[in-house]
Amino acid sequence: DAGVIQSPRHEVTEMGQEVTLRCKPISGHNSLFWYRQTMMRGLELLIYFNNNVPIDDSGMPEDRFSAKMPNASFSTLKIQPSEPRDSAVYFCASRTGVTEAFFGQGTRLTVV
Amino acid sequence: GNSVTQMEGPVTLSEEAFLTINCTYTATGYPSLFWYVQYPGEGLQLLLKATKADDKGSNKGFEATYRKETTSFHLEKGSVQVSDSAVYFCALANSNTGNQFYFGTGTSLTVIP
């Protein structure tokens, strides 16, 4: 299995631009998580899906952030418009049942 | 609710020293407990896990025992190496709350030769 695949690995964008981060979970996993990691705030859960349905999006910072999971093999996290304070590493993770979560390599986002 | 409290870092140890990173949790029911490790520039990797009380998880010389009476899951290693330098996260998953994952704040470990 290729594991959780995130793209792009690095993204540099200008303030105000739209950014889309992508995630392909491990086949057969039914839960998907989006996390954000910064030095100041550590690892924060943004949103998680169960069977493609958003269950808890209370960690999404504001309306500029949105996430979708149109099918079991793909999810996106979109930031529109992006701001410098959105600069962070964004991780996607997937799991099934009560097993451990498997993490992708992350997308390092820099907004200038 | 569910939460994980982890020992504050950073921790600096000499090679071959004994390591303990404390982790305590709050949860209803019978959660599963995990330790993850994050090496610089990488994602989080599962280090070990325990799914029921008194279980001991172990991997790469690290171990942790699920103690329900003290609600703890402390990470230990008898002799650390420079290659163990990383950030360690304690985590909890609880089927009572929709299988969400709860992470501690992470503990940075640096091992010096």
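Everything below is about the structure printed above this text.
Here the structure is a predicted model, which is why all the values come from computation and not from measurement.

Engineer: For this particular structure, what's the right way to read the overall build of chain B?
Structural biologist: Of the regular secondary structure elements, chain B holds 0 helices and 12 strands. What you see in chain B, going N to C, is helices and strands ordered as β-β-β-β-β-β-β-β-β-β-β-β. Against the globule reference of 13 Å for 113 residues, chain B gives a C-alpha radius of gyration of 14 Å, in line with a compact fold. Its C-alpha atoms put chain B at 45 × 30 × 20 Å along the principal axes. Split into buried and exposed, the 113 residues of chain B put 46% on the buried side. At a minimum sequence separation of 6, the contacts of chain B that also span at least 24 residues come to 56%. Counting only carbon and sulfur atoms, one obtains 49% of the accessible surface of chain B, whose full area is about 5,100 Å².

Engineer: I would appreciate a short explanation of the sheet that holds strand S8 (residues 74-79) of chain A in the present structure.
Structural biologist: Backbone-to-backbone hydrogen bonds join strands into a sheet, with any given pair of strands oriented parallel or antiparallel. Residues and elements named next belong to chain A. Strand order in the open sheet formed by 4 strands is S1-S3-S8-S7, and the pairing between neighbours is antiparallel. The outermost strands of the open sheet, each flanked by one partner alone, are strand S1 (5-7) and strand S7 (65-71). Between one strand and the next, the sheet's axes are offset by a mean angle of 15°, whatever the strand orientation. Summarising the sheet, S1 and strand S3 (residues 19-24) pair through 3 bridges and their orientation is antiparallel. Across the sheet, isoleucine 5 pairs through a bridge with lysine 24, a residue of S3.

Engineer: Explain unusual backbone geometry here, please?
Structural biologist: Peptide bonds are trans in most cases, and residues, glycine excluded, mostly fall at negative phi. All names here are of chain A. Omega for the bond connecting serine 7 with proline 8 falls within 30 degrees of zero, at -10°, which places this linkage in the cis form. Secondary-structure assignment places proline 8 in the loop between S1 and strand S2 (10-13). Residue proline 81 is reached from glutamine 80 by a cis peptide bond, and omega for that bond is -5°. The residue proline 81 is located in the loop between S8 and strand S9 (88-95) in this model. Even without being glycine, asparagine 51 reaches a positive phi, approximately 50°. Relative to the helices and strands, asparagine 51 resides in the loop between strand S5 (42-50) and strand S6 (53-56).

Engineer: How should I be thinking about the state of the cysteines in this particular structure?
Structural biologist: Here, the word disulfide means a covalent bond between the sulfur atoms of two cysteines. Summed over all chains, the structure comprises 2 disulfides over all chains. Here cysteine 23 of chain A is linked by a disulfide to cysteine 92 of chain A, with a sulfur-sulfur distance of 1.9 Å. On the sign convention where negative means left-handed, the S-S torsion of about -70° between cysteine 23 of chain A and cysteine 92 of chain A marks this disulfide as left-handed. Placement of the pair is cysteine 23 of chain A in strand S3 and cysteine 92 of chain A in strand S9, with a sequence separation of 69 residues. Among the residues examined, cysteine 92 of chain A registers a relative accessible area of 0% and is labelled buried. Here cysteine 23 of chain B engages in a disulfide with cysteine 90 of chain B; their sulfurs sit 1.9 Å apart. Between cysteine 23 of chain B and cysteine 90 of chain B, the disulfide has an S-S torsion of -70° and is therefore left-handed. Taken together, the positions of cysteine 23 of chain B in strand S4 (residues 23-26) and cysteine 90 of chain B in strand S10 (residues 86-93) put the pair 67 residues apart, joining distant regions of the chain.

Rules used throughout
Residues numbered from 1 in each chain as written. Chains lettered and ligands numbered in written order. Predicted model: local features only at pLDDT ≥ 70, side-chain atom pairs only at ≥ 80, totals over all residues. Heavy atoms only, no water. Helix = DSSP H or I, 4+ residues; strand = E, 2+ residues; numbered from the N terminus. Rg over C-alpha atoms; globule rule 2.2 N^0.38 Å. Buried < 20%, exposed > 50% of the residue type's maximum accessible area, 1.4 Å probe, protein only. Contact = heavy atoms within 4.5 Å. Areas by Shrake-Rupley, 256 points an atom, 1.4 Å probe, with all protein chains shown as cover. Pairing = 2+ DSSP bridges. Axes fitted to C-alpha atoms, helices over the stretch in contact; angles between N-to-C directions. Disulfide = S-S within 2.5 Å.

None of the figures reported here should be taken as evidence of function without further support.
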